[in-house]
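Letter by letter, the chains look like this.
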Amino acid sequence: MNVSAVTGGTVVTPDGLVRADLLIRDGKVAAIGSAPAATTGSAAPAAGALDAAGCYVLPGGVDPHTHLMAAPRLAAAAAARGGTTTALSFTSPRAGESDLDCLLRSREEVSGAGALIDIGLHAAVYDPDGVTEADLAAVRQAGAAAIKLFLAYPELGIMCSTRRLYELMSMSRRIGLVVAVHCENAPLIEALEDEAIAAGPREPEARIFADTRPPQIEEEAVARVLATASLAGATCYLVHLSTAGAVQQVRWARAAGHPAVLAETCAHHLLLDDGCYARPDAERFLVAPPLRSRSHVEALWAGLADATIDAVGSDHSQARTPTGGRLAAAGHHHAYGLAGIGTRLPLLLSAALARGLPLPRVAQLVSEHPARAFGHYPRKGALLPGSDADVVIFDPAGRTVLPAGGYGDGTGDSVYAGQPVRGRIRAVLLRGRLIVSDGEVADREPAGTYLAAGSAGGLPG
Ligand SMILES: [Zn+2]
């Protein structure tokens, strides 16, 4: 069904809240004003009109951080049911596959996925020493706005040295790529792992994984990345920040006038804490970086409120990662990575209502800023005339119980299953098509496409 108008709601625009109808033509926002039926006072709604009385009309969610290539169609459907209409996914190069070839293959797979939402890509760099400036230019040409570098995971052979970080950031500045960085200090993790292994078994066993990645591991790496980006003049995007110290360093970098620094945190770091690692099912909550104590969680919320943190992603993990390196060699076999592409927006909206974080700020964090950072704004991330009519109708007075299957994402486990949240997503539109109605998929002919990025990296102010 093509929707021609969303009437009677409160539209969340980049300029604030507007009580208005949203008019849609050819899949785009045509105007924000009064629908014809409303102006004439007719009791019958216009054909294709959705009533949003009592609801907020939000731009569709843009998830800046997902790993969905193991099952894009399932992940996209779960995203849609949770109000996310654009997902940006990291690629996952296979053994022997170049980073560029992986991006090109992933682009083909997304194009043919029959996904319910639009999907763009970031190029993971698993071979930082081998990738060339020509490769990076080809990545940009193929529509990716960002590469991702890892300061961790030497056991996977993907860790980027500080020197190479500088060189790749310099190349990326010339090409116009955003450099997303996973900030953890790998040698320190290895030293702590050796100590933990020597100390012998403990309960719950999974806690060893979390305890060998304490806050200092992230904070040191964030400082290194900010210094390197400053020297290279690169736009850097710090993924999944989880600590008070990391947030503080972003403040310092901006106060020092360093070039563009974009900061992301993830839903699980805002909504869960390290108490989960005392549970018998602690392994379900393993993620890198790990869940933190309450003081870090509160520091992240403060970072959202004062605009230090720009974006909230899911870090949705479609396939969990087995632990490697020293822990695996010593018999500590776990899997890590959390699913959450569908629950990101419902959880954030609920928590924001409870904490009094204004909905226009939430819309920036979950939609506008991710779109701006990666070259999809204003086509995505805003309800403005000319934008894609990607719309979420959200009833703040409703209630939702998060479903057991993570909205059917196919991962088989959602740590949020059964959790009640405030508010209810009544409908979701992609380019004016009704794709989700009251939580269920309403579109049998998915129209999601591969989304190529325009110029990236800019946030206002
Ligand atoms: Zn990730």
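Keep in mind it's a predicted model, so treat the numbers as computed, not measured.

Participant: Can you break down the environment of Ala-144 residue by residue, with the values?
Facilitator: Looking at the element boundaries, Ala-144 is found in the loop between helix H4 (133-141) and strand E9 (146-150). Exposure remark for Ala-144: the 29 C-beta atoms within 10 Å place this residue in the buried category.

Participant: Go over the sheet that holds strand E8 (residues 118-124), please, and point to the residues and values.
Facilitator: One open sheet holds the nine strands; their spatial order is E13-E12-E11-E10-E9-E8-E7-E6-E14, and the pairing between them is parallel. At either end of the open sheet lies a strand with only one pairing partner, and these are strand E13 (311-313) and strand E14 (316-317). Of the strand pairs in this sheet, strand E6 (residues 61-67) and E14 are connected by two bridges, and their pairing is parallel. Within E14, the residue paired with His-67 across the bridge is Ser-317.

Participant: An account of the nonpolar core is requested, with residue identities and associated values reported.
Facilitator: Val-57, Val-179 and Leu-238 are the most contacted members of the largest nonpolar core, which totals 135 residues. Every residue in contact with Val-179, bar those within four places of it in the chain, is listed here: Ala-146, Ile-147, Leu-149, Leu-168, Met-169, Ser-172, Ala-234, Thr-235, Cys-236 and Tyr-237. Counting 13 residues, the second-largest nonpolar core is a separate cluster that includes Phe-209, Ala-282, Leu-327 and Leu-338.

Participant: Outline the domain arrangement of the protein chain, listing residues and values.
Facilitator: Split by domain assignment, the protein chain resolves into domain 1 (5-57 + 382-399 + 416-441) and domain 2 (60-373). Each of domain 1 and domain 2 has a C-alpha centre, and the two are 31 Å apart. For the side of domain 1 that touches domain 2, the elements supplying multiple residues, two or more each, are strand E2 (16-25), strand E17 (391-401), strand E18 (420-430) and strand E19 (433-437). The residue makeup of the side of domain 1 that touches domain 2, split by class, is 17 nonpolar, three polar and two charged.

Rules used in this analysis
Residues numbered from 1 in each chain as written. Predicted model: local features only at pLDDT ≥ 70, side-chain atom pairs only at ≥ 80, totals over all residues. Helix = DSSP H or I, 4+ residues; strand = E, 2+ residues; numbered from the N terminus. Buried ≥ 20, exposed ≤ 12 C-beta atoms within 10 Å, placed from the backbone. Pairing = 2+ DSSP bridges. Core = buried A, V, L, I, M, F, W, Y, C linked by C-beta atoms within 7 Å. Contact = placed C-beta atoms within 7 Å. Domains from an automatic or database assignment. Nonpolar A, V, L, I, M, F, W, Y, C, P; charged D, E, K, R; others polar.

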